[in-house]
Amino acid sequence: MTDAYLRSLGFAATDQTRGAGQPLFSHAWRYQHEYQAVDGAQLFVEHPLGIANCRLSTLPAPFDAQDIFATTSLHDRPALEAAIESFFTAHGAKAASIPW
């Protein structure tokens, strides 16, 4: 996954300030989808430090397995795109964009 790829899917980094003390993109990151679902749910995707997966959740930092609705390989783009589509289908489709 790359920043450009995630942005092309409608995600924006949750932390726009990358300083010297923050991890590199390849080490850990978290993004939020620019659209919320019709039911108001918001979609986050993250790559936690030291785990070779992407986790999708309605929470910005899920800690419990029950809060993660999909996990994909870090490099499995079709699985990530299918999980995003599944999320919006389960939550009534895309609604308005989130005001940043």
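Located above this text is the structure these notes cover.
Student: Sorry if this is basic, but what is going on with the nonpolar core here?
Tutor: As a rule of thumb, soluble globular proteins bury nonpolar side chains together. Counting residues in hydrophobic clusters, the biggest one holds 20 residues, and the most contacted among them are Met1, Leu6, Trp29, Val45, Leu56 and Leu80. Only helix H1 (3-8), strand S1 (11-13), strand S2 (29-33), strand S5 (53-57) and helix H2 (77-90) provide two or more residues apiece to this core. When residues of this core are assigned to their parent elements, the largest contribution, 5 residues, is made by H2.

Student: Honestly, the pattern of salt bridges in this entry has me stumped. Any pointers?
Tutor: Opposite charge on two side chains permits pairing when their charged atoms draw close. Inspection of the entire model under this criterion finds 3 salt bridges. Its salt-bridge partner being arginine 7, residue aspartate 3 comes within 2.9 Å of it at the nearest N-O pair. Of this pair, aspartate 3 and arginine 7 both sit in helix H1, 4 residues apart, which is roughly one turn of the helix. Among the residues examined, aspartate 3 registers a relative accessible area of 27% and is labelled partly exposed. Since its relative accessible area comes to 37%, arginine 7 is described here as partly exposed. A salt bridge links arginine 55 to glutamate 46, with the shortest nitrogen-to-oxygen separation between them at 2.3 Å. We note that arginine 55, like glutamate 46, is buried. Connected through salt bridges with shared partners, the residues Arg30, Glu46 and Arg55 form a single ionic network.

Thresholds, definitions, all that
- Residue positions are counted from 1 within each chain, in the order its sequence is given.
- Whole-chain, interface and lining totals are the exception, using all residues; otherwise, since this is a predicted model, local features are given only for residues with pLDDT of at least 70 and side-chain atom pairs are given and counted only at 80 or more.
- Remark: hydrogens and water are excluded; side-chain values derive from all non-hydrogen atoms of the structure.
- As used in this record, nonpolar core signifies buried Ala, Val, Leu, Ile, Met, Phe, Trp, Tyr and Cys residues forming a set joined through side-chain atoms within 4.5 Å.
- Burial classes follow relative accessibility: with a 1.4 Å probe on protein chains only, a residue under 20% of its type's maximum area counts as buried, one over 50% as exposed, and anything between as partly exposed.
- Each helix corresponds to a stretch of at least 4 residues labelled H or I by DSSP, and each strand to a stretch of at least 2 residues labelled E; elements are numbered beginning at the N terminus.
- Any carboxyl oxygen of Asp or Glu that lies within 4 Å of a side-chain nitrogen of Lys or Arg is treated as forming a salt bridge with it.

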